[in-house]
Amino acid sequence: MVSNAFLEAHVGSWEVAFILLIVGYILFRIGKEKVGNIVHMFLRVMMVIVVVTGAWMLFKFHAGDVLYYVKGVLGLVVFGLMEMALGRARRQEASTGFFVGALALMVVVILIGYRVIM
Ligand code: HEM
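Bear in mind the structure is a predicted one, so any value in this text is a computation, not a measurement.

> How should I be thinking about the overall build of the protein chain in this particular structure?
Helix and strand counts for the protein chain stand at four helices and zero strands. For the protein chain, the N- to C-terminal ordering of α and β elements is α-α-α-α. Compactness check: the protein chain gives a C-alpha radius of gyration of 15 Å against a globular reference of 13 Å for 118 residues, within 12% of the reference. C-alpha extents for the protein chain along the principal axes are approximately 45 × 25 × 20 Å. Out of the 118 residues in the protein chain, the part that is buried amounts to 36%. Relative to all contacts within the protein chain whose residues are 6 or more apart in sequence, the contacts with residues 24 or more apart total 74%.

Rendered as structure tokens:
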């Protein structure tokens, strides 16, 4: 039985990360770099919480379940795409592909998490 606190922290932090990605991306695209950087910092805190709670649950309760390893790796790729999207948006470089890619892959990870995709 997964500890609810870890699961709730895991779900809560990716939900907040989803919103912070969109807010941060818009702020950088409209040139609000200072507040964009603050949002980006909070997003990174959420990323750390997602990975720490995810890894804990993975090794504690799902160590033999390949699906959760795949989901964990895809989750890390999502965070990489988020970093690329925000970094390029801040520098006013082409970033839409990374942004859309991060959102789309995050939806896939969520569907794996809720076992819609097996
Ligand atoms: C973008 C990043 C991520 C998203 C959106 C995400 C999303 C989710 C969702 C929706 C669930 C199901 C929650 C529930 O049943 O109520 C879940 C569970 C889980 N996630 Fe993630 N996750 C992410 C990253 C990770 C990472 C990086 C790892 C591991 C290193 C991980 C490991 C797990 C594990 C082990 C569970 C199962 C918990 C259980 O037994 O119910 N997740 N995740």
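> Looking at this structure, how should I read the coordination of the iron atom of the ligand?
The expected angle between donors at a tetrahedral four-coordinate metal is 109.5 degrees. At an octahedral six-coordinate metal it is 90 or 180 degrees. Surrounding the iron atom of the ligand are the protein donor atoms His10 (NE2) and Lys71 (NZ), which sit 1.7 to 2.1 Å from the metal. Taking the relative accessible area as the measure of exposure, histidine 10 reaches 9% and is therefore buried.

> Hey, could you run me through the packing of aromatic side chains in this one?
Enumeration according to the criterion identifies four aromatic pairs in this entry. On the basis of an interplanar angle of 15° and a centroid distance of 3.9 Å, the ring pair of phenylalanine 6 and tryptophan 56 is categorised as stacked. Residue phenylalanine 6 is found in helix H1 (residues 4-29), and its partner tryptophan 56 is found in helix H2 (residues 33-61); the two are separated by 50 residues along the sequence. The rings of Phe6, Trp56 and Phe61 are connected pair by pair, giving a single aromatic cluster.

> Help me understand H2, please; the structure alone is not making it clear to me.
Along an α-helix, a turn takes 3.6 residues, which lines up residues three or four apart on a common side. Under the 1.5 Å per step criterion, the end-to-end length of H2 is 41 Å for 29 residues, consistent within 8% with the ideal 42 Å. Among all positions of H2, only Gly36, Val39, His40, Leu43, Met46, Met47, Val50, Thr53, Met57 and Leu58 are buried. Against H1 and helix H3 (66-90) lie the buried residues of H2.

> How do you make sense of a nonpolar patch on the surface when you look at a structure like this?
The grouping of Val107, Leu111, Tyr114, Val116 and Ile117 at the surface amounts to a nonpolar patch, some 440 Å² of accessible area in total. Relative to the elements of secondary structure, isoleucine 117 occurs in the segment after helix H4 (96-113). Looking at isoleucine 117, the relative accessible area reads 34%, which means it is partly exposed.

What counts and how
- Residues numbered from 1 in each chain as written.
- Predicted model: local features only at pLDDT ≥ 70, side-chain atom pairs only at ≥ 80, totals over all residues.
- Heavy atoms only, no water.
- Helix = DSSP H or I, 4+ residues; strand = E, 2+ residues; numbered from the N terminus.
- Rg over C-alpha atoms; globule rule 2.2 N^0.38 Å.
- Buried < 20%, exposed > 50% of the residue type's maximum accessible area, 1.4 Å probe, protein only.
- Contact = heavy atoms within 4.5 Å.
- Donors = N, O, S within 2.8 Å, 3.2 Å for Na, K, Ca; no water.
- Phe/Tyr/Trp six-rings, centres within 6.5 Å; stacked < 30°, edge-to-face > 60°.
- Expected span 1.5 Å × (residues − 1).
- Patch = residues over 30% accessible without salt bridge, like charges linked within 9 Å, V, L, I, M, F, W, Y side chains within 5 Å.
- Areas by Shrake-Rupley, 256 points an atom, 1.4 Å probe, with all protein chains shown as cover.
- Salt bridge = Lys/Arg side-chain N within 4 Å of Asp/Glu carboxyl O.

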